[in-house]
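Spelled out from the first residue to the last, the chains are:
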Amino acid sequence: AQSVTQLGSHVSVSEGALVLLRCNYSSSVPPYLFWYVQYPNQGLQLLLKYTTGATLVKGINGFEAEFKKSETSFHLTKPSAHMSDAAEYFCAVSDPGGSYIPTFGRGTSLIVHP
Amino acid sequence: KAGVTQTPRYLIKTRGQQVTLSCSPISGHRSVSWYQQTPGQGLQFLFEYFSETQRNKGNFPGRFSGRQFSNSRSEMNVSTLELGDSALYLCASSLSRTGEVDTGELFFGEGSRLTVL
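In short, a report on the structure. Computed from a predicted structure; not experimentally measured. (Residues numbered from 1 in each chain as written. Chains lettered and ligands numbered in written order. Predicted model: local features only at pLDDT ≥ 70, side-chain atom pairs only at ≥ 80, totals over all residues. Heavy atoms only, no water.)

Along its length, chain A carries zero helices and 12 strands. Its helices and strands in sequence order give chain A the pattern β-β-β-β-β-β-β-β-β-β-β-β, from N to C terminus. Taken over C-alpha atoms, the radius of gyration comes to 14 Å for chain A, in line with the 13 Å a tight globule of 114 residues would show. With the principal axes as the frame, chain A shows a C-alpha extent of 45 × 30 × 20 Å. The buried share among the 114 residues of chain A stands at 45%. Of all intrachain contacts in chain A linking residues separated by at least 6 positions in sequence, the fraction that spans at least 24 positions is 56%. Per element, the accessible surface of chain A, about 5,300 Å² overall, is 53% carbon and sulfur. Side chains of chain A give 7 positive and 7 negative charges; the mean places of these two sets differ by 4 Å. (Helix = DSSP H or I, 4+ residues; strand = E, 2+ residues; numbered from the N terminus. Rg over C-alpha atoms; globule rule 2.2 N^0.38 Å. Buried < 20%, exposed > 50% of the residue type's maximum accessible area, 1.4 Å probe, protein only. Contact = heavy atoms within 4.5 Å. Areas by Shrake-Rupley, 256 points an atom, 1.4 Å probe, with all protein chains shown as cover. Lys, Arg positive; Asp, Glu negative; His and termini not counted. Charge placed at Lys NZ, Arg CZ, Asp CG, Glu CD.)

Structure follows, in structure tokens:
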């Protein structure tokens, strides 16, 4: 069975500072990996995904993530935080050889201070 | 292209009642999944429907049920509501095209927020 751990239920940064949201997974096979963002009173929106190929993945709104197989990690970064980045972020993993139904982490709330 | 549409957006029910939530997927998407989101448990998978058949099921009691129609629209029903059923119920659709690798990428609706009193 696969699982996802997001370190830190809340992350606080200043506007303009680096954003780093951590995601570690456990999976018996190289998984597909996703980051989703959820703004208040809205559904989830895909930020970026890794399926195969280049391990550094670029997404929308200046976010990127790097798949590190040896560390079983898929951390999300953004060089400079904006106030509009304040939201809930979810990491998810699906098993290419299994049911492909993604398992979600518990989420990390990003707080951006002016 | 219209996104995933969920109705109603908000509803209030009392314990013991039942509720039906509706989801219209993105045009052309054949798979519809339902998730329950609560502050304590995060996102929990309920079930997934594909071509009017339940293809995957999460670990929820039988009070939670769903169905999918021939136009891919889906409904979920919760009977004998309990206080703990208060949550945001999210529907998500995916292309899930036969013969293609399904990555698990989902397109979410805005959710139906259920409050049980």
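Let us now look at unusual backbone geometry. Between Thr-7 of chain B and the following residue, Pro-8 of chain B, the backbone shows a cis peptide bond with an omega angle of -10°. Among the secondary structure elements, Pro-8 of chain B is positioned in the loop between strand 1 (5-7) and strand 2 (10-13). In this structure, Asn-61 of chain A is a non-glycine residue whose phi angle is positive, near 60°. Within the fold, Asn-61 of chain A resides in the loop between strand 7 (56-58) and strand 8 (64-68). Judged by relative accessible area, which is 44%, Asn-61 of chain A ranks as partly exposed.

We now examine the state of the cysteines. Residues and elements named next belong to chain B. The tally for this structure, following the rule as stated, stands at two disulfides over all chains. Residue pairing for Cys-23: its cysteine sulfur links by disulfide to Cys-91, the two sulfurs lying 1.8 Å apart. Judged by the sign of its S-S torsion, about -60°, the bond between Cys-23 and Cys-91 is left-handed. Here Cys-23 is found in strand 3 (residues 19-24), whereas its partner Cys-91 is found in strand 9 (residues 87-94), with 68 residues between them in sequence. Among the residues examined, Cys-23 registers a relative accessible area of 0% and is labelled buried. Take Cys-91: its relative accessible area is 0%, and that puts it in the buried class. (Disulfide = S-S within 2.5 Å.)

To continue, consider the environment of Cys-91 of chain B. Separated by 20 residues in sequence, Cys-91 of chain B and Asn-71 of chain B place their C-alpha atoms 16 Å apart. Apart from residues lying up to four places away in sequence, Cys-91 of chain B is in contact with Val-4, Gln-6, Cys-23, Val-32, Ser-33, Trp-34, Phe-107, Phe-108 and Gly-109 of chain B.

Our focus in this paragraph is the pairing of strand 12 (residues 108-113) of chain A. Residues and elements named next belong to chain A. Here strand 2 (residues 10-14) pairs with strand 12 via five bridges, running parallel. Note on strand 12: the bridge partner recorded for Ser-14 is His-113. In this structure, strand 10 (residues 87-94) lies alongside strand 12, joined through three bridges in antiparallel fashion. The partner of Glu-88 across the bridge, within strand 12, is Ser-109. (Pairing = 2+ DSSP bridges.)

Residues and elements named next belong to chain B. Read across the sheet, four strands follow the order 1-3-8-7 without closing on themselves; strand pairing throughout is antiparallel. Edge strands, defined here as strands with exactly one partner in the open sheet, are strand 1 and strand 7 (64-68). Each strand of the sheet is rotated relative to its neighbour by a mean of 15°, with strand direction disregarded. Direction of pairing for strand 3 relative to strand 8 (residues 74-78): antiparallel, over a ladder of five bridges. In the sheet register, Ser-22 faces strand 8, and the bridge partner there is Glu-75. (Axes fitted to C-alpha atoms, helices over the stretch in contact; angles between N-to-C directions.)

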